[in-house]
Amino acid sequence: MKPIKINNNLREFHLWDLPNYIRINLEEKNRKGLFNHVLKQTKTIRNLTKLIQKETNKKISFETVRSYIIGNYYIPLWFLNKIINLFYDRDFYSKIERKIIAFRGPRGDIIYNPNFPWKEDVRIIRIVIRLIGDGHAGGGISIGRVPVYSNSCKELTEQFINDLNFFGKVKFRKYTLNEGKRCSSIEFPKVIGHILKHLYKIDFRGKYARLSNKIYSLPRNIVIEAIKVYGDDEGSMKGTEIHFYSENKELLQDFINLFKLKLPEFTRITNVRVSAIKEKKFTTYYFAILAKDLKKYFNLIGFNHPMKQRKLIHQINCQNKIKNSRYNGITKGMILKSLINNPKTSYEISEEVLINHRTVNKHINGYSDKGRYFKGLRELGLVKSISKSSEGILWGLTK
């Protein structure tokens, strides 16, 4: 891992920190005050236009400048920057940014009430990490798709929508991507994606995304939230381990480095490995938090995703139970007893009797151990599959 310059401070984002193609709208009295001061010195709009052309080497027309002045067009930051540099002192910038009532990109939806300056907090970091995970930051400045975040977990999509308020009053579109998987997608203004790319120096395309120094420099409590969010989107409980997945091997190594740098108490983390997932058309990688660090993960990080958090708690409960050696028949008996009153998924059974989820599946479906095969409850005719859903197969007694 290369040396990383760390300051552990949260940043404050001002108007002048944003890409210069962002366009802003001022309160009418402030817009008039801004340009009245300028026109007292240039005398005419035509003179101002010529001055801007000379100073910037940009082809800008008289009508365009006039439209900025009377409020027909939103004012691009490059133009505002030049006006302030030519006719105001630097302190004026901090005054004018508080008077902005809306902003937008060259195209796309307007964001109202931005309330500059923005103070970096968990909301913007969650958005950044979610766009690396199950999201997309959008296409080019004036071309390409709009940004989107997709997830089948209602709690995560609602959190994402609330986090967009970091930027102001944001217009978004929510729609169902896949009825079968109940996956919701949230589309939001393209300007947000461009601002995030600019502020965090991240290429959000899955194959190329890396954690920049801006992420490594975050305080520990914010880094914890970043890891939690990535786990929500790309993490999974696998038996007694937590796996973090990606097709981007370098990105996973970045997260391992983040653990080492900010959470050195985690000592049971694997290297990046090739995943055994076969249904994907590309190679998938993962790294794992091993069983001895599960309690640390629960106490320090955890999941926002309710089902993943539930599975994590279950694994910890299994670790906390009194260790004992169960005979094959005793374990099967506990599974059958769990199904007496009503059908359950294998995961619900495992929660009730504090048996590892994989172990429950082995005793239902059969398994081999040391060259010997043990029939499962289904093969023995004691349980049957009743239905199948996104939660898994529902098992019930045959009699």
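To be clear, the structure that these remarks concern was listed above.
Residues numbered from 1 in each chain as written. Predicted model: local features only at pLDDT ≥ 70, side-chain atom pairs only at ≥ 80, totals over all residues. Heavy atoms only, no water.

## Focus: the overall build of the chain
So the rule is basically this: Numbering goes from the N terminus for both helices and strands, where a helix is a DSSP run of H or I of at least four residues and a strand is a run of E of at least two. Atoms counted for the radius of gyration: C-alpha only. Globule rule: 2.2 Å times the number of residues to the power 0.38. Each residue is assigned to one of three classes by its accessible area relative to the maximum for its type, calculated with a 1.4 Å probe on protein chains only: buried under 20%, partly exposed between the two thresholds, exposed over 50%. We call two residues in contact when some of their heavy atoms are within 4.5 Å. Surface accessibility in these figures is a Shrake-Rupley result with a 1.4 Å probe; residues are shielded only by whichever protein chains are displayed. A residue counts as positive if it is Lys or Arg and as negative if it is Asp or Glu; His and the chain ends are not included. Where a charge lies is defined by one atom per residue type: Lys uses NZ, Arg uses CZ, Asp uses CG and Glu uses CD.
Within the chain, the regular secondary structure consists of 16 helices and 19 strands. The C-alpha atoms of the chain give 28 Å as radius of gyration, which overshoots the globular expectation for 399 residues (21 Å, by more than 25%). In terms of overall dimensions, the chain has a C-alpha envelope of 95 × 45 × 35 Å along the principal axes. Buried positions account for 48% of the 399 residues belonging to the chain. A separation threshold of at least 6 residues defines the contact pool for the chain, and within that pool the share at least 24 residues apart is 67%. As displayed, the chain has an accessible area near 20900 Å², and 48% of this comes from carbon and sulfur atoms. Side-chain charges in the chain split into 73 positive and 36 negative, and the spacing between the mean points of these groups amounts to 2 Å.

## Let's talk about the packing of aromatic side chains
To be explicit about the condition: Centres within 6.5 Å make a pair out of two Phe, Tyr or Trp rings, where for Trp the six-membered ring is used; the pair is then stacked when the planes are under 30 degrees apart, edge-to-face when over 60, and tilted otherwise. Geometrically, a lysine NZ or arginine CZ counts as sitting over a ring once it is within 6 Å of the ring centre and also within 35 degrees of the ring normal.
Under the criterion given, the structure shown has 26 aromatic pairs. Seen from their ring centres, F13 and Y200 are 6.2 Å apart, and the 70 degrees between their planes marks the pair as edge-to-face. One end of the pair, F13, is in strand β1 (residues 12–13); the other, Y200, is in helix α8 (residues 190–200), and 187 residues separate them in sequence. Pair check on accessibility: F13 and Y200 agree, each one buried. In this structure an aromatic cluster arises from ring pairing among Y230, F244, F255, F259, F266, F287, Y297 and F303. For the cation-ring pair, K58 lies above W78, with the distance from its terminal atom to the ring centre recorded as 4.8 Å. R90 extends its terminal NZ or CZ atom over the ring of W16, reaching a point 4.9 Å from the ring centre.

## As for the pairing of strand β10 (residues 183–187)
The condition is simple: Whether two strands pair depends on DSSP finding at least two bridges between them.
Most of β10 is tucked away, with four of its five residues classed as buried. As defined by bridge partners, strand β8 (residues 148–151) adjoins β10 across four bridges and the pair is classed as antiparallel. Of the residues in β10, the one forming a bridge with Y149 is I186.

## With respect to the pattern of salt bridges
We count it as follows: Salt bridges, as used here, are contacts in which a Lys or Arg side-chain nitrogen is within 4 Å of a carboxyl oxygen on Asp or Glu.
In total, this model carries 15 salt bridges according to the counting rule given. The salt bridge partner of R130 is D233, with a shortest N-O separation of 3.2 Å. On the criterion of sequence distance, the pair formed by R130 in helix α6 (residues 122–132) and D233 in helix α10 (residues 220–234) is long-range, its members being 103 residues apart. A single burial state applies to R130 and to D233, both of which are buried. One salt bridge connects K228 with E225, and the closest N-O pair in it is separated by 3.9 Å. A residue pair is termed a helical-turn pair when its members lie 3 or 4 positions apart in one helix, as K228 and E225 do in helix α10 at three residues. Taken individually, K228 and E225 each receive the classification buried, so the pair is uniform in this respect.

## Structural notes on the sheet that holds strand β5 (residues 111–112)
The antiparallel open sheet is built from four strands, whose spatial order is β3-β2-β4-β5. Looking at the sheet topology across the chains shown, the edges are occupied by β3 (75–76) and β5. Bridging between strand β2 (residues 23–26) and strand β4 (residues 100–104) involves four bridges; their strand directions are antiparallel. Residue pairing in the sheet places L26 in a bridge with I100 of β4.

## Quick notes on the nonpolar core
Inclusion rule: What makes a nonpolar core is a set of buried Ala, Val, Leu, Ile, Met, Phe, Trp, Tyr and Cys residues whose side-chain atoms join them at distances within 4.5 Å.
If you look at the biggest cluster of nonpolar residues, it comprises 94 residues, and the most contacted ones within it are F79, I132, F167, L196, Y200, I227 and Y297. Look past the residues within four positions of F79 in its chain and what remains in contact with it is F35, I52, I60, V65 and Y68. Formed by ten residues, the second largest nonpolar core is a distinct cluster that contains L339, V353, I355 and V360.

## Quick notes on the pairing of strand β12 (residues 241–246)
The buried count for β12 comes to five of six residues, which makes it a mostly enclosed element. With four bridges connecting them, strand β11 (residues 235–238) and β12 associate as antiparallel partners. Along β12, the bridge assignment pairs G235 with F244. Connecting the antiparallel pair β11 and β12 is a turn made up of two residues, with G239 showing a positive phi of about 60 degrees. Direction of pairing for β12 relative to strand β14 (residues 285–289): antiparallel, over a ladder of five bridges. Residue pairing in the sheet places Y245 in a bridge with Y286 of β14.

## Examining the sheet that holds β11
This is how it is decided: To obtain each axis, a line is fitted to C-alpha atoms, and for helices this fit is confined to the stretch in contact; angles are then taken between N-to-C directions over 0 to 180 degrees.
Reading across from one edge, β11-β12-β14-β13 is the order of the four strands in this open sheet, with antiparallel pairing throughout. Each edge of the open sheet carries a strand with a single partner, namely β11 and β13 (273–274). Each of β11 and β12 touches helix α13 (residues 306–320); the most contacted strand, β11, lies at about 35 degrees to it.

## Describing the state of the cysteines
Note the threshold: Note on disulfides: each one is a pair of cysteine sulfur atoms within 2.5 Å.
Counting across every chain of the model gives zero disulfides. Just so you know, C183 is unpaired, no disulfide at all, and the nearest cysteine sulfur is the one on C153, 11 Å from it. What makes C183 buried here is its relative accessible area of 14%.

## What to know about the packing of α6 against α10
The condition is simple: A crossing counts as left-handed when the near helix is turned anticlockwise from the far one by less than a right angle, and as right-handed when that turn is clockwise. In the scheme used here, Gly and all other residues not listed as nonpolar or charged are polar, with Ala, Val, Leu, Ile, Met, Phe, Trp, Tyr, Cys and Pro taken as nonpolar and Asp, Glu, Lys and Arg as charged.
Where α6 meets α10, the closest approach of the two axes is 9 Å, and the angle between their N-to-C directions is 35 degrees. Of the two elements, α6 crosses α10, and the hand of that crossing is right-handed. Packed against α6, whose contacting residues are V122, I125, R126, I129, R130 and I132, the element α10 presents I222, E225, A226, V229, Y230, D232 and D233 at the interface. In the contact of α6 with α10, the residues fall into eight nonpolar, no polar and five charged.

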